[in-house]
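One letter stands for each residue in the lines below.
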Amino acid sequence: MTYYYFGNESGPWTEDAADECKTIHEGTFKPTRAPRRREAEALPTADHILASCVADTTSCEDHYGDPIKLQLSKSMCDGTGQWNDGKACPTDGLVATCLSNGTAHRFYATYLKKNGVSMSDLASQCSTTGMLYSHFYPASGAPTAAPVVATRKGGKKGK
């Protein structure tokens, strides 16, 4: 039997299809497109965003997956952030996006600074937070070095 994979709410990535083919159908996957889509094709565009939740100046979530999940996402956002129906997250200062389970988790330069993490840390965080598949996309021109840690008087480290 032949199955065709057109993507799911997490995205149209062929490595996801290959894994599902092998584990669910015990089959062999044969891609008909390039094995990895370009970032511009993989990231959801503003016209596909159903809503966003701006937590603070450090991160934001764009919801583009299943519309039925929006109510739950909205209730989770209400206590901690600002819910915006039909409006995408801001792009100023964006350093990376983690796509997972129908949500684009956007991270800004202020997130790196506030949390003292590197882009590598963000990529690791992305790969461990998704329930199924997660895909990490650094923004064009994003920093690649670890944050600078300064030493204060008395030998204490500060950020």
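Before reading on, note that the structure itself is shown above.
Residues numbered from 1 in each chain as written. Predicted model: local features only at pLDDT ≥ 70, side-chain atom pairs only at ≥ 80, totals over all residues. Heavy atoms only, no water.

Details of the nonpolar core
The test is simple: Here, the term nonpolar core denotes a set of buried Ala, Val, Leu, Ile, Met, Phe, Trp, Tyr and Cys residues that are joined through side-chain atoms within 4.5 Å. Categorising residues by exposure relies on relative accessible area from a 1.4 Å probe, with only protein chains included: less than 20% of the type maximum marks a residue as buried, more than 50% marks it as exposed, and the intermediate range marks it as partly exposed. Strands here mean DSSP runs of E at least two residues long; helices mean DSSP runs of H or I at least four residues long; both are numbered from the N terminus. Two residues qualify as a contact provided that any one of their heavy atoms is within 4.5 Å of a heavy atom in the partner residue.
Formed by 13 residues in total, the largest nonpolar core has its most connected members in Val 95, Ala 96, Phe 107, Leu 112, Met 119, Leu 122 and Phe 136. At the level of elements, strand S4 (94-100), helix H4 (109-115) and helix H5 (119-129) are the ones that each hand at least two residues to this core. When neighbours within four sequence positions are excluded, Leu 122 is seen to be in contact with Val 95, Ala 96, Phe 107, Tyr 111, Leu 112 and Phe 136.

Examining the pairing of strand S2 (residues 59-63)
Formally: Here, any two strands with at least 2 DSSP bridges between them count as paired.
Of all five residues making up S2, four are buried, and the element is well covered by its neighbours. Count of turn residues in the strand S1 (residues 51-54)/S2 antiparallel hairpin: four residues. Pairing of S2 with strand S5 (residues 103-108) involves five bridges; the strand directions are antiparallel. Its bridge partner being in S5, Glu 61 is matched across the sheet by His 105.

Thoughts on the side chain of Arg 106
Threshold: Polar contact is defined as a pair of N or O atoms within 3.5 Å, subject to the rule that within protein one atom must be able to donate a hydrogen and the other to accept it, and that residues adjacent in sequence are counted only when both atoms are side-chain atoms.
By the secondary structure assignment, Arg 106 is in strand S5. Under the relative-accessibility criterion, Arg 106 is labelled buried at 9%. Only 3.0 Å separates the side chain of Arg 106 from the side chain of Thr 97, close enough to count as a polar contact.

What about the sheet that holds S5?
Short version of the rule: Note on geometry: axes are lines fitted to C-alpha atoms, helical ones only across the stretch in contact, with angles between N-to-C directions running from 0 to 180 degrees.
Within the open sheet, the six strands sit side by side as S3-S1-S2-S5-S4-S6. Their pairing is antiparallel. The open sheet is flanked by strand S3 (82-85) and strand S6 (134-138), the only strands paired with a single partner. Sheet twist, expressed as the average angle between the axes of neighbouring strands with direction ignored, equals 20°. Note: S4 against S5, six bridges, orientation antiparallel. In the sheet register, Thr 97 faces S5, and the bridge partner there is Arg 106.

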